[in-house]
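Analysis of the macromolecular model
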Amino acid sequence: MSLAELETHIRSIPDFPKPGILFRDITPLLHDRFRDTIDEVAGLFTAEEWQAFDAIVGVESRGFILASGLAYALGKGLLVVRKPGKLPPPHHTVSYSLEYGQDSLQMSSNFAPQRVLVADDVLATGGTLRATCELCEQCGHDVVGITTLIDLAGLNDFSWKGLRTRSLFSYGD
């Protein structure tokens, strides 16, 4: 299945969650073409690059779906980044700015350092991905790749220590 065909399963919803926002709904894509989607995201990286990843880091909450599928398909470990109060100690916390305030994320520090691929659903301004990469480093992990389903390229110029996000779909170039 081509990327253009996959993209037809992403709904564009104007003025959601507030006026002026064009929301990209990935639920139909996940419902109708989950396996194809995971295969296409996996294809963003070479076999040699996949060997460099020990685990996939999923960002709450829709990033869990992508990360879980990739971890299963490629036989990798799964790590999660959660909202505060969802993980037992020990964990690290990073606070970050949003367009409309502050938020925080947490990651367990119970795991030995690993080389990780960070996976999330959408890259908008980059705040969540930046905080996730910081958390990974605080926990001793080496971020060696970043992927999202959608890059809202018009809202960001995100990179982490020279790593660019690899995404299936890009909007707002």
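Now for a look at the structure at hand. Quick caveat: nothing in here was measured; it's all calculated off a predicted structure.

Next up on the list: the overall build of the chain. From N to C terminus, the chain includes five helices and eleven strands. Relative to the compact-globule value of 16 Å for 173 residues, the chain shows a C-alpha radius of gyration of 16 Å, a close match. Along the first, second and third principal axes, the C-alpha set of the chain runs to 40 × 40 × 30 Å. Every one of the 173 residues in the chain was classed for burial, and the buried ones make up 43%. Expressed as a percentage of contacts within the chain between residues at least 6 apart in sequence, the contacts between residues at least 24 apart total 56%. Of the charged side chains in the chain, 15 are positive and 22 negative; the average position of the first set lies 4 Å away from that of the second.

Along its twelve residues, helix α5 (residues 127-138) runs 16 Å from first to last C-alpha, staying within 8% of the 16 Å computed at 1.5 Å per residue. Buried within α5 are the following residues: Gly-127, Leu-129, Ala-131, Thr-132, Cys-133, Leu-135 and Cys-136. A positive phi of about 95 degrees marks Gly-140, the residue just after α5.

This brings us to the nonpolar core. In terms of nonpolar packing, the biggest core is built from 24 residues, with Trp-50, Ile-56, Leu-70, Leu-149, Ile-150 and Phe-169 touching the most fellow members. When residues of this core are traced back to their parent elements, those giving at least two are α2 (27-42), α4 (62-74), β7 (115-123), β8 (142-152) and β11 (166-171). At five residues, α2 tops the list of elements feeding residues into this core. Discounting residues that sit within four places of it in the chain, Ile-150 has contacts with Ile-10, Arg-24, Ile-26, Asp-121, Val-122, Leu-123, Ser-167, Phe-169 and Tyr-171. Ranked by size, the runner-up nonpolar core spans 23 residues in total, among them Leu-129, Cys-133, Leu-135 and Cys-139.

Ser-61 follows Glu-60 through a cis peptide bond whose omega is -5 degrees. For Ser-61, the position within the fold is in the loop between β3 (55-59) and α4. Cis geometry marks the peptide bond from Pro-89 to Pro-90; its omega dihedral reads 0 degrees. Topologically, Pro-90 is positioned in the loop between β4 (77-82) and β5 (91-98).

So, on to the environment of Asp-157. Within the element layout of this structure, Asp-157 appears in the loop between β8 and β9 (159-160). Within the local environment of Asp-157, its side chain forms a polar contact with the side chain of Arg-164, the two groups lying 3.1 Å apart.

A word on the sheet that holds β11. The strand order across the open sheet formed by seven strands is β5-β6-β4-β3-β7-β8-β11, and the pairing between neighbours is mixed. For this open sheet the edge positions go to β5 and β11, each flanked by a neighbour on one side alone. The average undirected angle you get between the axes of adjacent strands in this sheet is 25 degrees. Sheet analysis places β8 next to β11, joined by five bridges and oriented parallel. Bridge pairing links Thr-147 to Arg-166 in β11. Against the sheet, α4 touches β3, β4, β7 and β8, its axis set at about 165 degrees to β3. Packed on one face of the sheet, α5 meets β3, β4, β5, β6 (101-108), β7 and β8 and runs near 160 degrees to β5.

Cut-offs and rules
- Residues numbered from 1 in each chain as written.
- Predicted model: local features only at pLDDT ≥ 70, side-chain atom pairs only at ≥ 80, totals over all residues.
- Heavy atoms only, no water.
- Helix = DSSP H or I, 4+ residues; strand = E, 2+ residues; numbered from the N terminus.
- Rg over C-alpha atoms; globule rule 2.2 N^0.38 Å.
- Buried < 20%, exposed > 50% of the residue type's maximum accessible area, 1.4 Å probe, protein only.
- Contact = heavy atoms within 4.5 Å.
- Lys, Arg positive; Asp, Glu negative; His and termini not counted.
- Charge placed at Lys NZ, Arg CZ, Asp CG, Glu CD.
- Expected span 1.5 Å × (residues − 1).
- Core = buried A, V, L, I, M, F, W, Y, C linked by side-chain atoms within 4.5 Å.
- Polar contact = N/O pair within 3.5 Å; in protein donor to acceptor, adjacent residues only side chain to side chain.
- Pairing = 2+ DSSP bridges.
- Axes fitted to C-alpha atoms, helices over the stretch in contact; angles between N-to-C directions.

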